[in-house]
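Architecture at a glance
Residues per chain, in single letters:
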Amino acid sequence: MLPETISPPLSSDSTLPSIIVVGLGNPILGDDGVGWKVAEEVKSRLEEKSTGFPQPLPVEVECCSLGGLSLMEQLIGFDSAIIVDAFAVDRPVGTVFAIDLEELPIHSSLHAASAHDTSLQNALAMGRTMGARLPKEVTLVGVATEQQYEFSEELTPNVAAAVPQAVQIVLNLIFRGDTK
Amino acid sequence: MQHISIDPITRLEGHGKIEIFLDAQGNVANTYFQIPELRGFERFCVGRPVEEMPLLTNRICGVCPEAHHMAAAKATDAVYHVDPPRTAKMLRELLYSAFYCTDHTTHFYALAGPDFIMGPTAPVAERNILGVIHKVGLEIGGKVIQMRKYGHNVIEMIGGRKVHPCTSIPGGITKGITEEQRKEIEEMGHWAVEFAQFSLDIFNQIVLGNKEYVDLIVGDVYTHHTYYIGTVDENNKVNFYDGKVSVVSPSGKRLGKYAAAEYTDWIAEHVEPWTYLKFPYLKKIGWKGFVDGEDSGVYMATPLSRLNAADGMATPKAQAEYEKFYSTLGGKPVHQRLATHWARLIELLYAAERWVELVTDSEITSTNIHTKPTEKPTEGVGIVEAPRGTLTHHYWTDERGVVTKANLIVGTTNNYAPIQMSTNKAATSLIKNGNVNEGLLNMVEMAFRAYDPCFGCATHSLPGQMPLEITVRNRDGEIVDVLKQFVE
């Protein structure tokens, strides 16, 4: 018998906040860390008393460098998820956009996108098949960057300038959900 | 000359690209496996206090941060000339065993499993973890998630955080475990042992029970005769956390064993003009090109190499599987690269057994977990076995302990030459007269997937563009055909 303190893997705690904001990326790989910067700023804005946001907020903010199954596991128990990440796309660097995960042209909805794991879509499908309580809605807030191959803790100017807009989009998603 | 480019762009680890050049008859002339280099890490480290390195280096990579944390912790111990107390070492190794269980589980069920359980030529849409669940049963998915959860629980209890541990410092660890936590970890460890046995049973039934798969594993396409390295304990048994690195020849003869600080006597690096990444090779043998054999310094560092480089496993159930492995595959060393998947499951069982062994040690809850460094910091090397191969961290500091230079040889880098050889051999064997189809391409991908390569650590930029695109060009560089897999 496993000890009672270990909850079954697929159950969720009903007291958990219902929205999770995930800043995704690598904070020491230049613009790849933009998701972290946005999430950290969102967290500090939510905690500011002067903003007048109702407290306590049903929102949890996390920063991580995960994908696939590991990322899916972070989302268990939440009603909706907002994932902020750098996107290597054919748009001007610093462009900010929000899309549903289902719209993501990752072309890997049924393919192992990572050489070490599966894609997030695949992992979510697996989690749901297993009966996990996972967000019905997963929104991605993307900031267009170039692929990063240089270690740095700093964002490039165009990407840094996009942070306030991305933060506002995340806040709008949390409170109104009509930013796309 | 035709030119085929396989571009499996991935999220977590940057992207590798395979360029295949065909001759006029449509047969493979040569293959280049290219990996983009992440630049500037050494410069990034210089000027920082060395005790920050276990925290900093575990940010290099989103795939195996625990491995970097441990190699860095051991290197900083060495920089300060300090030997952590026994309990601190055991706690680090316990965390590391739990990490191995999560990492090897993910690889087998998300990656290797689909190729074997669904079949290497199954449609791509079915060749994934969902396909595995549908074919073998829902029970598997639940167990995979359970295994990962237990692993993360242990990592969090000892490492302070779920994924990026932060408790190892020069001379030991910042927190121990209570008796209550110990019991919890023990229960989870017993479950992990059962899970590892369950995984080996699946492998036995589905893979070893299918002649077609066995023929694929033992066939020549995926076979190379190279040197093997892997860390062993004082009894020459596989160890992931500590020991000396054993080096064995293609005929199974032990060339020697080296301690962390001696790595530069054994490993050198070869440069090719077509890639930024260097090719490590055995210094004592020398670089003779991308060739097999006793005279070629090419070596491999993977689960299969660790088994080949050791005399056995240090735990009873894993040892029994080790013996079965070699008796089934015709003795040591095993050169068939696809057997790496089987070796990985034997390591999973060892990691789970070691987890139980460590957590039931009478000193594991001791509070003697740190030796205070008293000597002046200088230079140090730390080596652990990352799931993907031997991981070496080497730091130099000034007398204040500020980093002046850093050098890392990561797991996959060790295997760069063998991966190059394996993809070339698979492509040459499988692509004939310009006949390239999806099944063949997956068979080529399988050649490098066995190594579980981690290309450049965490480049997380979405959307990852296209998982696979093959561009066929004529000798003038004009595109004559484009084959795509999951590309709209």
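All names here are of chain B. Per-residue pLDDT for chain B averages 86, and the proportion of residues at 70 or more is 87%. Low pLDDT, under 50, characterises residues 456-474; the stretch is placed with 101 contacts to residues that sit more than four places away or in other chains. Among the scores for the predicted complex, ipTM is 0.76 and pTM is 0.87.

On to the sheet that holds strand S14 (residues 403-409) of chain B, then. All names here are of chain B. As summarised here, the arrangement of the three strands in space is S12-S13-S14, forming an open sheet in which the pairing is antiparallel. The open sheet terminates on both sides in strands that have one partner only, identified here as strand S12 (379-386) and S14. Across the sheet, the mean angle separating the axes of adjacent strands is 15 degrees when strand polarity is ignored. As paired strands, S12 and strand S13 (residues 389-397) are joined by eight bridges and run antiparallel to one another. Paired with glycine 382 across the two strands is histidine 393, which belongs to S13.

Let us look at the packing of helix H2 (residues 68-75) of chain A against helix H3 (residues 120-129) of chain A. Residues and elements named next belong to chain A. Where H2 contacts H3, the two axes come as close as 8 Å, and the packing angle between them is 55 degrees. One element, H2, and the other, H3, form an angle in the oblique class. In the packing of H2 onto H3, the handedness of the crossing is right-handed. For the pair formed by H2 and H3, the contact residues are Gly68, Leu69, Leu71 and Met72 on the first element and Leu120, Ala123, Leu124 and Gly127 on the second. Considered class by class, the residues forming the contact of H2 with H3 number six nonpolar, two polar and no charged.

Here we take up the pairing of strand S1 (residues 19-24) of chain A. Residues and elements named next belong to chain A. The buried fraction of S1 is high, at six of six residues. Summarising the sheet, S1 and strand S2 (residues 59-64) pair through six bridges and their orientation is parallel. Bridged to isoleucine 20 within S2 is glutamate 60. As paired strands, S1 and strand S3 (residues 80-87) are joined by five bridges and run parallel to one another. The partner of valine 22 across the bridge, within S3, is isoleucine 83.

Parameters and conventions
Residues numbered from 1 in each chain as written. Chains lettered and ligands numbered in written order. Predicted model: local features only at pLDDT ≥ 70, side-chain atom pairs only at ≥ 80, totals over all residues. pLDDT = per-residue confidence, 0-100. Contact = placed C-beta atoms within 7 Å. Pairing = 2+ DSSP bridges. Helix = DSSP H or I, 4+ residues; strand = E, 2+ residues; numbered from the N terminus. Axes fitted to C-alpha atoms, helices over the stretch in contact; angles between N-to-C directions. Parallel < 35°, antiparallel > 145°, perpendicular 65-115°, else oblique. Left-handed = near helix turned anticlockwise from the far one by under 90°. Nonpolar A, V, L, I, M, F, W, Y, C, P; charged D, E, K, R; others polar. Buried ≥ 20, exposed ≤ 12 C-beta atoms within 10 Å, placed from the backbone.

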